[in-house]
Amino acid sequence: MLNSRVVAVLNNKLKRQFLIIRPLSTAKVNHESPPEQKKDTCRSEPLQQQRQQQRGKVGAWVAVALTAGAVSYYFFSYRRTKERLCAAAAQMRADLPSFSLKDVVEGRYYVYGVGVYDLNDYARNEHPGGEQGITDMVGKSIEEIWATDGMKFHKKKEILELLEGMRIGNFEGTVDKPKRCTTPKVVPQVNGQEYRLELTTYGGNNLKALSLEELRRYPKHSIVSSIPCKNDSTKPETGSIWTGVQLRDILRESKINIADYDEIRFECLDVSSTTEKPYGSTVSVDRVFNEPDFDVLLAYEKDGSEIPPKHGYPVRVVMPQVTGGKNVKWLQRVVLVRKTDKVVR
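What you see is a predicted model, and the numbers here were worked out from it, not measured in a lab. (Residues numbered from 1 in each chain as written. Predicted model: local features only at pLDDT ≥ 70, side-chain atom pairs only at ≥ 80, totals over all residues. Heavy atoms only, no water.)

Engineer: So what exactly am I meant to see when it comes to the nonpolar core here?
Structural biologist: Nonpolar side chains in soluble globular proteins generally cluster together in the buried interior. Residues Leu215, Ile264, Phe266, Leu298 and Leu331 are the most contacted members of the largest nonpolar core, which totals 31 residues. When residues of this core are traced back to their parent elements, those giving at least two are β5 (197–201), α8 (212–215), α9 (247–253), β9 (261–271), α10 (285–290), β11 (297–302) and β14 (331–338). The dominant element in this core, judged by the number of residues it contributes, is β9, at four residues. Not counting residues up to four positions away in its chain, the partners in contact with Leu331 are Tyr195, Leu197, Phe266, Glu267, Cys268, Leu298, Val315 and Val317. Counting residues in each nonpolar core, the second largest holds 13 residues, with Ala123, Val138, Trp146 and Leu160 among its members. (Core = buried A, V, L, I, M, F, W, Y, C linked by side-chain atoms within 4.5 Å. Buried < 20%, exposed > 50% of the residue type's maximum accessible area, 1.4 Å probe, protein only. Helix = DSSP H or I, 4+ residues; strand = E, 2+ residues; numbered from the N terminus. Contact = heavy atoms within 4.5 Å.)

Engineer: Explanation requested: helix α7 (residues 157–164) in the structure shown.
Structural biologist: Along an α-helix, residues three or four positions apart point the same way, because every turn accommodates 3.6 residues. All buried positions along α7 are accounted for by Lys157, Leu160, Leu163 and Glu164. The buried residues of α7 occupy an angular sector of 125° when the element is viewed end-on, so they sit on one face. (Arc of directions from axis to C-beta.)

Engineer: Got a minute to help me understand the pairing of β9 in this structure?
Structural biologist: Consecutive side chains of a regular strand alternate in pointing toward one face of the sheet and then the other. Inspection of the sheet shows β9 paired to β14 by seven bridges, in the antiparallel sense. Its bridge partner lying in β14, Arg265 is registered against Val335. When β9 meets strand β10 (residues 278–284), the two strands line up antiparallel, connected through six bridges. The partner of Ile264 across the bridge, within β10, is Val283. (Pairing = 2+ DSSP bridges.)

Engineer: Would you mind showing me how to read the packing of aromatic side chains here?
Structural biologist: Pairs of aromatic rings are described using the distance from one ring centre to the other and the angle between the two planes. Across all of its chains, the model carries one aromatic pair by this definition. Centroid distance Phe99 to Tyr109: 5.7 Å. Interplanar angle 85°. Geometry classified as edge-to-face. Here Tyr109 lies in the loop between α3 (101–107) and β2 (110–112) and Phe99 lies in strand β1 (residues 98–99), a separation of 10 residues in the sequence. One cation-aromatic arrangement involves Arg216 over Tyr300; the distance from NZ or CZ to the ring centre is 5.2 Å. (Phe/Tyr/Trp six-rings, centres within 6.5 Å; stacked < 30°, edge-to-face > 60°. Lys NZ or Arg CZ within 6 Å of the ring centre and 35° of its normal.)

Engineer: What should I look at first to understand the sheet that holds β2 in this one?
Structural biologist: Within a sheet, neighbouring strands are paired by backbone hydrogen bonds and run either parallel or antiparallel to one another. One open sheet holds the four strands; their spatial order is β1-β4-β3-β2, and the pairing between them is mixed. The strands lining the two open edges of the sheet, one partner per strand, are β1 and β2. Note: strand β3 (residues 115–117) against strand β4 (residues 167–171), three bridges, orientation antiparallel. Residue pairing in the sheet places Gly115 in a bridge with Asn170 of β4.

Engineer: Looking at this structure, how should I read the sheet that holds β10?
Structural biologist: An order of β6-β5-β14-β9-β10 is seen for the five strands of this open sheet, with the pairing classed as mixed. The open sheet is flanked by β6 (205–210) and β10, the only strands paired with a single partner. Across the sheet, the mean angle from the axis of one strand to that of its neighbour is 20°, orientation sign disregarded. (Axes fitted to C-alpha atoms, helices over the stretch in contact; angles between N-to-C directions.)

Engineer: Would you mind showing me how to read the confidence of the model for the chain here?
Structural biologist: Detailed reading of the predicted model is not advised wherever pLDDT is low. Averaged over every residue, the pLDDT of the chain is 76; the share at 70 or more is 67%. pLDDT under 50 marks residues 18–29. Its contacts with residues more than four places away, or in other chains, come to one contact. Scored below 50 in pLDDT, residues 229–237 shows 21 contacts in the model against residues more than four places distant or in partner chains. (pLDDT = per-residue confidence, 0-100.)

Engineer: So what exactly am I meant to see when it comes to a nonpolar patch on the surface here?
Structural biologist: On the surface, Val58, Val62 and Leu66 cluster together into a nonpolar patch covering about 290 Å² of accessible area. Here Val58 is to be found in helix α2 (residues 41–89). Since its relative accessible area comes to 53%, Val58 is described here as exposed. (Patch = residues over 30% accessible without salt bridge, like charges linked within 9 Å, V, L, I, M, F, W, Y side chains within 5 Å. Areas by Shrake-Rupley, 256 points an atom, 1.4 Å probe, with all protein chains shown as cover. Salt bridge = Lys/Arg side-chain N within 4 Å of Asp/Glu carboxyl O.)

Structural data, given as structure tokens:
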């Protein structure tokens, strides 16, 4: 038998070991990640914002540089193409025949640089300014005309490309420089009492013959227009006040079936030096009747008085939305043209 004191000592040792071991055997194992240390937000957030701003600035400068490069390349390419087309018009082409001025006028062709161009189909079917705007340039230098005020917008790549596609020959000769928007040497002298404005169909079917007094009986309209011809307005800054009758009012009152026609021609008392026919211009029926803001005024007054002879007395056409050359003076006749009419230009 063990001594009771010895037993007590052993029991105490065992108890101490048990107490030490037991917590270890029953302790739960924590598999979770240790808690993150709290960041110093006072320092990290401004730093991140600063870096983001720097990256944004770099991106913006890169975008600006790329855009500038693309724009520069576009204009460089555009200019080079334009220069190439201008150079092409200034060079003779061995694969094309030569034309004299007489050939050009008789064939109703056009000259640009040393090139000869056939624009007749384009003038009839596609030219935004109508056929007359082109046919007035027969036998003249298109280059000189495009250099005048109000016409410079033509000299761009797209139009030069279109023009070069219609080249038919080389020009050998000289052409007269155009005298656009100038008063002819002989101004038509018209007796206002005897004057009659004729309204006809192409082919000679006379519909009306209106005196100045009869024109004044129609509803009166006034518009302010600075016709883009330097010698054609005493008020180039603000425009002159033109008063007259709207063409559509005359046509409606005439009780004709306007749907049968697609073009309106204006024939004047002065004669074209190129074609030896009455000078004139054209406008489509569609524009006259289907564009409310498109004015075709047959004017008989300028700034409250009858139109001075050099500005078109007794009646002139005023169309503010088109070039000055189509605002013809000394109007004598309004001609309605059908689609089926074979018009001799």
